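# Structural features, examined
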Amino acid sequence: MPPRCWTSSDRCVERRRAPRRPEHLIIAKNTVVSLDVELSDIWGKLIQRSGEPLQYLHGGDGNIFAAAEAALEGKQVKDRVEVRLEPEDAFGDCDESLLRVEPRSRFPEVLEVGMRFEGAAGGDDASLIFTVTDLTEDKVVLDANHALAGMALKLSCTVVSVRPATEAEIRNGSADDPESVILRILP
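Rules used throughout
Counting restarts for each chain: residues are numbered from 1 in the order of the written sequence. Two thresholds apply to this predicted model, a pLDDT of at least 70 for residue-level local features and 80 or more for giving and counting side-chain atom pairs, whereas whole-chain, interface and lining totals are computed over all residues. As a convention, hydrogens and water are excluded, and side-chain values are obtained from all of the structure's heavy atoms. Runs of E in the DSSP output that reach at least two residues are strands. Runs of H or I that reach at least four are helices, and both are numbered from the N terminus. Only protein chains enter the accessibility calculation, which uses a 1.4 Å probe; a residue is then buried when its area is under 20% of its type maximum, exposed when over 50%, and partly exposed in between. Every residue pair with non-hydrogen atoms within 4.5 Å of one another is taken to be in contact. Each accessible area is a Shrake-Rupley estimate made with a 1.4 Å probe; only the visible protein chains count as cover when residues are assessed. Each pair of strands is called paired provided DSSP finds at least two bridges between the two strands. Only the stretch in contact is used when a helix axis is fitted, and all axes are lines through C-alpha atoms; the angle between N-to-C directions ranges over 0 to 180 degrees. Throughout this description, the term salt bridge denotes a Lys or Arg side-chain nitrogen within 4 Å of a carboxyl oxygen of Asp or Glu. Per-residue confidence from the predictor is reported as pLDDT, a score between 0 and 100.

### So, the overall build of the protein
Per the secondary structure count, the protein includes three helices and 11 strands. Along the protein, helices and strands appear, N-terminal first, in the series β-β-β-β-β-α-β-β-β-β-β-β-α-α. Across the 187 residues in the protein, those meeting the buried criterion constitute 29%. The contacts in the protein between residues at least 6 apart in sequence include a share of 59% that link residues at least 24 apart. Working note: accessible area of the protein is about 12800 Å², and carbon and sulfur atoms make up 51% of it.

### Brief notes about the sheet that holds strand E7 (residues 99-103)
Ordered in space as E7-E10-E9-E8, the four strands form an open sheet in which the pairing is antiparallel. Edge positions in the sheet fall to E7 and strand E8 (116-120), since each has one partner strand and no second. Strand-to-strand twist of the sheet, defined as the mean angle between neighbouring strand axes without regard to direction, takes the value 40°. Two elements, E7 and strand E10 (residues 139-143), share five bridges in a ladder whose sense is antiparallel. Counted as the bridge partner of Val101 is Val141 from E10.

### Side note on the environment of Ser34
Tracing the backbone through its elements, the reader meets Ser34 in strand E3 (residues 31-41). A relative accessible area of 8% means that Ser34 is categorised as buried. A C-alpha to C-alpha distance of 5.3 Å links Ser34 and Val160, two positions 126 residues apart in sequence. Setting aside its immediate chain neighbours within four residues, Ser34 contacts Pro53, Leu54, Gln55, Thr158, Val159, Val160 and Ser161.

### Comments concerning unusual backbone geometry
Even without a glycine there, the phi angle at Asn30 is positive, about 65°. One can find Asn30 in the loop between strand E2 (12-14) and E3. A residue is classified by how much of its surface remains accessible, and Asn30, at 26% relative accessible area, is partly exposed. Despite not being glycine, Lys78 has its phi angle at roughly 80°, a positive value. Relative to the assigned elements, Lys78 resides in the loop between helix H1 (66-72) and strand E6 (80-85).

### Re the pattern of salt bridges
When their charged atoms lie close together, side chains carrying opposite charge are able to pair. Tallying each qualifying case throughout the model produces four salt bridges. In this structure, Glu86 engages Arg84 in a salt bridge whose closest nitrogen and oxygen atoms are separated by 2.5 Å. Relative accessible area serves as the criterion here: at 27%, Glu86 is assigned to the partly exposed category. The class of Arg84 is partly exposed, set by a relative accessible area of 49%.

### Brief notes about the confidence of the model for the protein
Per-residue pLDDT for the protein averages 83, and the proportion of residues at 70 or more is 79%. When mean pLDDT is taken per element in the protein, E6 scores highest with 97 and helix H3 (residues 181-185) scores lowest with 41. The low-confidence segment residues 1-15 (pLDDT under 50) makes 11 contacts with residues lying over four places distant or belonging to another chain. A low-confidence stretch, residues 180-187 (pLDDT under 50), is modelled with five contacts involving residues beyond four sequence positions or located in other chains.

In structure tokens, the structure reads:
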């Protein structure tokens, strides 16, 4: 439908819609989205809550779980979304090749469950972070899987803000604008 017009002194003047203000933007490709996020297990036990809004570049760049990104598409400020994430949609299944049992003698004298060490898995040159998950007198059990691997999760989030991404953010594929003065000053 063409824009409405009226005649004023032999000319047609278009009535244009005012541009949408940022608080009315919807989440779409190449928008930067800020979310308040809660992650819990499927029974509702809270695992983590964001202390401040988390930002990501919307548009399939892998900056957020794909299932959550799909659920957020078309939403706007103050909308709330809840998504159930199966292990394959979140941190993956547990990979047994990332579990190790090592001799206790290879570790420092002071060793506790939860301590982390860098190492390689099965001759792979890539370094991984292993967490001590169990200790005995002569053995140490290490796990390089994500702590939430193998778990179904519930992601609940509220949209705090939506804004157009800058060209630099789009080029980088993330919401962190490398040309920002703040990012250049901070380490």
